[in-house]
Amino acid sequence: MSTEEHAVELAGLRHVFAGRGRGRRAVRDVEAVKDVDLTVEPGEFVSIVGPSGCGKSTILKMIAGLLRPTEGSVRVWGEPVTGPRRDIGIALQDATLLPWRDVMSNCLFPVELHGKVTGAARERVSGLLERAGLAGFESRRPKELSGGMRQRVAICRALADDPRLLLLDEPFGSLDALTREQMNIDLNRIWRETEKTALLITHGIDEAVLLSTRVVVLSERPGTVVEVVTPPFPKERTKELMSTPEFAEVSGQVRDRLFASDVKVGG
Amino acid sequence: MNKVTEAPERRVPRREPPAPRRSFRSGPLGKAAFLLLPPLAVGLAGVLLIQLVISRFEISGVVIPAPTDIFAVMRSDIFLEQVGQSTWETWKATLIGFVLGAGSGVLLGMLMAESRIVRFVLYPYVVAFQSLPKIALAPVCALWLGFGLTMKFSFAAMLAFFPAVIATLAAFSTVAESRLEMATAFDANRRQRFVRISLPSAVPGIVSGLEISMAFALIGAIVGEFVAPSAGGLGQLLLTYSEAINVAAEFSVLVVLMLLGVLQNKILFSVIRAGTERFFESSR
Amino acid sequence: MTAAPRPMSAGAGAAVRWGGLAVVTAVLLAAWQFLPSGVQGDGSSVPKLDAVVKALGPSGEWGEYLTALRTTLGEAFFGLLIGFAAGVVLGVLLGESRILRQGFYPYALALQALPPIALAPIFVIWFGLGMESKIGLVGAATLFPILVSTMAGVAETDRGRIEMATAFGASKAQIRRKIVFPGLVVPIFSGLEISVVLSFLAAIAGELISANAGIGVILQVYQRDFRLAEEFAVLLILVVVGLALALLVRLARHFVLERMPNE
């Protein structure tokens, strides 16, 4: 193995949700993803886009160690994934903040689980919150925050224990379009400043193109990689970028692939 | 775009915006008046009406004691002495029973929630006991445990036990799967998931269960006193007055019992809820 | 639990669970039969398993059991009927008027905090030792859950639906009949569920305190005469009746919810 290890390496990945029961009430086996090969290099921001139910989240959960692949292998930093890893930070569609904790304490949650709450960790979280525009909100409770703020807290929490890899599963899926755009710009800045490797699951084409160094297009279920698009933009992304013809062209490329003959976009 | 320039986003409104109303009602004085006046009016009207009907139609005090008779009883020294002593005896049994019954109930509920095999094996027994009107066990309890404090608090504990088990089990089984998955993703072990996710998430359900347990503990103590002839307490006092056909005194005891119930079931638990307020928010 | 190794196959898990249940049950029954009984060293205080089984057999006092059960269930039924009717009527009244609701609310809360069973001695003075006093007690005990849930149902009728009906020019009476009342079925039913359990309980409690017939009476008689096998037999019958009531409520709930989806 080379010294330059991949951040994530998926090879021949397949996952089948086992059916249950017999007879009329039986639930059939569902093949969520098949033959997924994908590598993510350190420092990259990779987005996976695909129609609803194409197994995007399944892939992410397998990388996070929450699900086991039925076939194939998942490696993170060269090591096979056997369960949740402490050098991965994750943010899901629901912010899933704990309502009885304040913002600071919510962010420190993973650090606490790993038994590493120190002054330095608190300072790092303070820095993250400041970068996320949440300075001064440390002792607020989730109910006092808007949806967008909660999602930013969730992303800060994902970064709190200084993971090397950030996994994001449609973290802005439940936000309105304007808030979402602002979140994307913030996320881009946080990614640049923290220099993490990031993997984002989304069904927003513009979002994927705006944020990523590479966009992976998945087919309908069972999901498999049909195209990889590389947006040729500098690392720093702005709102203005979205109204350029270049941006439209790359988005169009992704969109065409998504809508290609055998691929339908589900609700 | 180095610094976030956007203002903190619009806050989620915490309460529904106040509907436009006439100004007097929305003022603090008006609010207090609006809250206090109707109950006072209803109470006064009720007392006056009963008093009037009783004196007008000369209804015997055995059927409905006049409010003035009840006030008279409640002011007499003998009654106050008897009722003070009895209230303490009843509440002692209620409290001991609640602590023992609800405490062990919550523990068993947690054990059942955490262990699939324990849950499966014990559940049929819990359901069977749950569907038995447990008041029917009072005579047997009296036979086994005698007619004193032990029987009273044991019976109270038994009544308090089952609501606590059921509520705890339900509270743990409705812990949001997404919270557990989030913790798992951050490599939480089983103990951490229990202590940091399940337990705090279950607090509202457990508190509601304890509230029911508390009410049942009081019922248990009273029924124990009804069934055990030498148990003392408010239950025995009620029976004593009943034998003497002193209905005014019985109503006075009921008033005291009601106050005790309000104090322990409503006021005590609103304090507990206020103290555990942060666990009660349902935020994602 | 997704990170854990895949759980045992359903078959193996079920075998372990059913096996555990069977073993625990067998141990409990064996202990009941063979352990030296008598908490106070008095052999009669816990009846042997075989004695209880005999008391439940054809030679048991079934005539006595069933007569008592009929009395108790009768009291529970008629009391529940009264409590239900009064609860729904009062609930609608209080639900419709905010002023009335505010006026009665503190008293309703206070009365709810009073253990209804404490009313038993007074009902005996009013109605004597027969079924009537227990019916009254059951009525008083079952009234509140139904009243409270009806009131809440009326008061919390979806504003949007009322506005919609108003926009279509519905009169107050029409809104009540077509919007408010249909929405009450589910809340009233959940109050009824609580009250069914309470009715059985209150009837027995009333009989324990003073009565001339019913389950509470024979429980007292068997206790006094140290006929504990019969006492336990009656308790087991009560478990079965309680389960049957619970099942009945559950079936009814299924039926009601099927017919009347809340949303």
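All values reported here derive from a predicted model rather than from experimental measurement.

In this section: the overall build of chain B. Of regular secondary structure, chain B possesses 11 helices and 0 strands. Each helix and strand of chain B, ordered N terminal to C terminal, gives the series α-α-α-α-α-α-α-α-α-α-α. For chain B, the proportion of its 284 residues judged to be buried stands at 40%. In chain B, of all internal contacts separated by at least 6 residues, the share reaching a separation of at least 24 is 75%.

This part takes up the overall build of chain C. Along chain C, the regular secondary structure elements total 11 helices and 0 strands. Ordered by position in the sequence, the α and β elements of chain C form the string α-α-α-α-α-α-α-α-α-α-α. Over its C-alpha trace chain C gives a radius of gyration of 24 Å, far above what one expects of a compact globule, namely 18 Å for 263 residues. Based on the C-alpha atoms only, the size of chain C along its principal axes is roughly 75 × 65 × 30 Å. Buried positions account for 37% of the 263 residues belonging to chain C. Sequence-distant contacts in chain C: of pairs separated by 6 or more residues, those separated by 24 or more amount to 73%.

A few words now on the nonpolar core. Across soluble globular proteins, you tend to see nonpolar side chains buried next to one another. Within the largest apolar cluster, 123 residues are counted, with the highest numbers of intra-cluster contacts made by Ala156, Ala160, Val223 and Val253 of chain B together with Ala205 of chain C. No other element matches the 16 residues that helix H7 (residues 149-173) of chain B contributes to this core. If we ignore the near neighbours within four places in the chain, the residues touching Val253 of chain B are Val83, Leu234, Leu237, Leu238 and Tyr241 of chain B. Leu10, Ala64 and Val76 of chain A together with Phe186 of chain B belong to the second largest nonpolar core, which has 83 residues in total.

The next thing to look at is the confidence of the model for chain B. With 89% of its residues at a pLDDT of 70 or more, chain B shows a mean pLDDT of 84. Within the model, the stretch residues 1-21 of chain B combines pLDDT values under 50 with 17 contacts to residues more than four positions away or in other chains.

All names here are of chain B. Closest axis-to-axis distance for the helix H4 (residues 77-114)/H7 pair is 6 Å, and the angle between their directions is 30°. Here the hand of the crossing between H4 and H7 comes out right-handed. Class assignment for the residues of the contact of H4 with H7 results in 23 nonpolar, 8 polar and 1 charged.

Okay, helix H4 (residues 119-131) of chain A next. Residues and elements named next belong to chain A. Taking 1.5 Å as the rise per residue, H4 with 13 residues should run 18 Å; its terminal C-alpha atoms sit 18 Å apart, in good agreement. Listed as buried for H4 are Arg124, Val125, Leu128, Leu129 and Arg131. The buried residues of H4 occupy one face: seen down the axis, they fall within an arc of 160°. Facing away from the buried side of H4, by more than 90 degrees, are the exposed residues Gly119 and Glu123. In this structure, the buried residues of H4 make contact with helix H2 (103-107), helix H5 (147-160) and helix H6 (177-194). Gly133 sits one or two residues past H4 and shows a positive phi near 75°.

This part is about the sheet that holds strand S4 (residues 71-76) of chain A. Residue and element names in this part refer to chain A. Strand order in the open sheet made by the 4 strands is S2-S1-S4-S5, with antiparallel pairing throughout. One side of each edge strand has no neighbouring strand; the edge strands of this open sheet are strand S2 (30-40) and strand S5 (79-80). Pairing analysis gives 5 bridges linking strand S1 (residues 8-17) to S4, with the strands arranged antiparallel. The partner of Glu9 across the bridge, within S4, is Arg75. Docked against the sheet, helix H1 (residues 56-64) engages S1, S2 and S4, running at close to 115° with respect to S1.

A few words on the interface of chain B and chain A. Taken together, the contact between chain B and chain A spans 24 residues of the former and 32 residues of the latter. Per-element tally for the side of chain B that touches chain A: the top contributor is helix H8 (residues 177-185) of chain B, with 6 residues. Looking at side-chain class alone, the side of chain B that touches chain A contains 9 nonpolar, 5 polar and 10 charged residues.

Right, let's talk about the sheet that holds strand S10 (residues 225-229) of chain A for a bit. Residue and element names in this part refer to chain A. In space, the 6 strands of this open sheet follow the order S6-S7-S8-S3-S9-S10, with mixed pairing throughout. Unpaired on one side and paired on the other, strand S6 (88-91) and S10 mark the two borders of the sheet. Averaged over all pairs of adjacent strands, the angle between strand axes in this sheet comes to 15°, irrespective of strand direction.

Another point: the pairing of strand S9 (residues 214-218) of chain A. Residue and element names in this part refer to chain A. Among the 5 residues of S9, 4 are classified as buried, and the element is accordingly described as predominantly covered. In this sheet, S9 lies alongside strand S3 (residues 45-49) in parallel orientation, the contact comprising 4 bridges. Looking at S9, one finds that Val46 is bridged to Arg214. Summarising the sheet, S9 and S10 pair through 4 bridges and their orientation is antiparallel. Each bridged residue has a counterpart across the sheet, and for Val216 the counterpart in S10 is Val228. In this structure, the hairpin formed by S9 and S10 is closed by a connection of 6 residues.

Let's shift gears to the environment of Ser201 of chain B. Within the secondary structure, Ser201 of chain B sits in helix H9 (residues 190-227). For Ser201 of chain B, the residues in contact, after removing those within four places along its chain, are Val175, Ala176 and Arg179 of chain B.

All names here are of chain C. Within this structure's numbering, the places UniProt gives as "transmembrane region" (unreviewed entry) are residues 12-35, 76-95, 107-129, 135-155, 179-204 and 232-252. Across residues 107-129, helical content stands at 65% and strand content at 0%; the span's end C-alpha atoms are separated by 29 Å. End-to-end, the C-alpha atoms of residues 232-252 are 30 Å apart, and along that stretch the chain is 100% helix and 0% strand.

Even without glycine at this site, Trp77 of chain A takes up a positive phi of about 50°. If you trace the backbone, Trp77 of chain A turns up in the loop between S4 and S5. For Trp77 of chain A, a count of 17 C-beta atoms within 10 Å corresponds to the partly exposed category. In this model, Ile245 of chain B sits at a positive phi of 50°, which is unusual for a non-glycine residue. The residue Ile245 of chain B is located in the loop between helix H10 (233-243) and helix H11 (247-275) in this model. On the neighbour-count criterion, Ile245 of chain B (11 C-beta atoms within 10 Å) is exposed.

What follows is about the interface of chain B and chain C. Put simply, an interface is often sized by how much accessible area is lost when its parts join up. Facing the 41 residues of chain B at the interface are 43 residues of chain C. Breaking the side of chain B that touches chain C down by element, the ones donating at least two residues are helix H2 (28-57), helix H5 (116-131), helix H6 (138-145), H9, H10 and H11 of chain B. Looking at the side of chain B that touches chain C, its residues break down into 34 nonpolar, 5 polar and 2 charged.

Let's shift gears to the domain arrangement of chain C. Domain annotation for chain C reports domain 1 (11-42) and domain 2 (52-259). For domain 1 of chain C and domain 2 of chain C, the distance between their C-alpha centroids amounts to 35 Å.

Calculation rules
- Residues numbered from 1 in each chain as written.
- Chains lettered and ligands numbered in written order.
- Predicted model: local features only at pLDDT ≥ 70, side-chain atom pairs only at ≥ 80, totals over all residues.
- Helix = DSSP H or I, 4+ residues; strand = E, 2+ residues; numbered from the N terminus.
- Buried ≥ 20, exposed ≤ 12 C-beta atoms within 10 Å, placed from the backbone.
- Contact = placed C-beta atoms within 7 Å.
- Rg over C-alpha atoms; globule rule 2.2 N^0.38 Å.
- Core = buried A, V, L, I, M, F, W, Y, C linked by C-beta atoms within 7 Å.
- pLDDT = per-residue confidence, 0-100.
- Axes fitted to C-alpha atoms, helices over the stretch in contact; angles between N-to-C directions.
- Left-handed = near helix turned anticlockwise from the far one by under 90°.
- Nonpolar A, V, L, I, M, F, W, Y, C, P; charged D, E, K, R; others polar.
- Expected span 1.5 Å × (residues − 1).
- Arc of directions from axis to C-beta.
- Pairing = 2+ DSSP bridges.
- UniProt positions renumbered as here; feature names shortened; annotations may be inferred.
- Domains from an automatic or database assignment.

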